[in-house]
Amino acid sequence: MKRILLIAGLVFAATLSLQAQKFALVDMEYIFKNIPAYERANEQLNQVSKKWQAEVEALQVEAQTLYKNYQNEVVFLSQEQKKARQDAIVAKEQEAAELKKKYFGPQGELFKKRTALMTPIQEEIYNTIKDIADLRGYQLILDRASDQGIIYGSPKIDISNEVLSKLGYSN
């Protein structure tokens with residue numbers, strides 16, 4: 001009898017510890033595409049990136065032109081002139097590389113601009129998702145768009161439209 005009560009108690013305790021956890025899915029790509037501020041920020045980043053890329057390419061073209069001119073005239077140049085031309089070519093290549101690093105490096109201007117434009121939008125979405133999770137009791141919310149470990153996700157648990165609605169964007 002004691003043994004049966006002990007087994008029943010263990011089964012009851014195990015059942016309590018295995019309570020169903022609630023989870024949901026969101027599609028961040030879908031959410032971002034439906035937020036006009038995000039699309040505007042992306043367009044702004046694309047425009048500034050193209051502008052900066054053109055500046056870098058212009059310096060690279062200048063360096064290539066200097067090099068081609070040097071190759072065409074090398075036989076006519078004195079040793080001092082050769083050295084001066086080579087130094088000018090190297091300086092122009094370094095200038096292009098430094099400008100590229102300034103704009104597109106790991107801590108470059110594009111990174112800073114992207115952070116300044118996107119962080120407020122991402123934080124608003126995160127806080128909205130957190131509010132919905134707290135309200136509905138979700139312990140886990142996965143991003144359907146990331147394709148990391150989700151084999152199947154029922155559309156019934158996708159709360160992307162609810163996130164957009166709570167952010168003030170109806171679809």
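Our subject is the structure listed above.
The rules behind these values
Residues numbered from 1 in each chain as written. Predicted model: local features only at pLDDT ≥ 70, side-chain atom pairs only at ≥ 80, totals over all residues. Heavy atoms only, no water. Helix = DSSP H or I, 4+ residues; strand = E, 2+ residues; numbered from the N terminus. Buried < 20%, exposed > 50% of the residue type's maximum accessible area, 1.4 Å probe, protein only. Contact = heavy atoms within 4.5 Å. Arc of directions from axis to C-beta. Phe/Tyr/Trp six-rings, centres within 6.5 Å; stacked < 30°, edge-to-face > 60°.

Novice: Before we move on, could you go through the side chain of Lys-92 and cite the residues and values that matter?
Specialist: Secondary-structure assignment places Lys-92 in helix α4 (residues 79-104). Since its relative accessible area comes to 17%, Lys-92 is described here as buried. Leave out the neighbours within four places in its chain, and Lys-92 touches Leu-59, Glu-62, Ala-63 and Leu-66.

Novice: I'd like to hear about helix α6 (residues 160-167), residue by residue, with values.
Specialist: Among the residues of α6, Ser-160, Val-163, Leu-164 and Leu-167 are the ones counted as buried. The arc that holds every buried residue of α6, seen down its axis, measures 95°, which confines them to one face. Note on α6: the residue one or two positions beyond its end, Gly-168, has a positive phi of about 100°.

Novice: Report on the environment of Ala-24, specifying residues and quantitative values.
Specialist: With respect to the element layout, Ala-24 can be found in strand β1 (residues 23-26). When near neighbours in sequence (up to four residues on either side) are disregarded, Ala-24 contacts Tyr-138, Leu-140, Ile-141, Leu-142, Ile-157 and Ile-159.

Novice: How would you sum up the packing of aromatic side chains? Please name residues and give values.
Specialist: Throughout the structure, instances matching the rule amount to three aromatic pairs. On the basis of an interplanar angle of 10° and a centroid distance of 4.1 Å, the ring pair of Phe-32 and Tyr-38 is categorised as stacked. There is no split in this pair, since Phe-32 and Tyr-38 are both buried. Plain terms: the ring middles of Tyr-103 and Phe-104 are 6.3 Å apart, the flat faces sit at 75° to each other, and that makes the pair edge-to-face. We classify Tyr-103 as buried; its relative accessible area is 9%.

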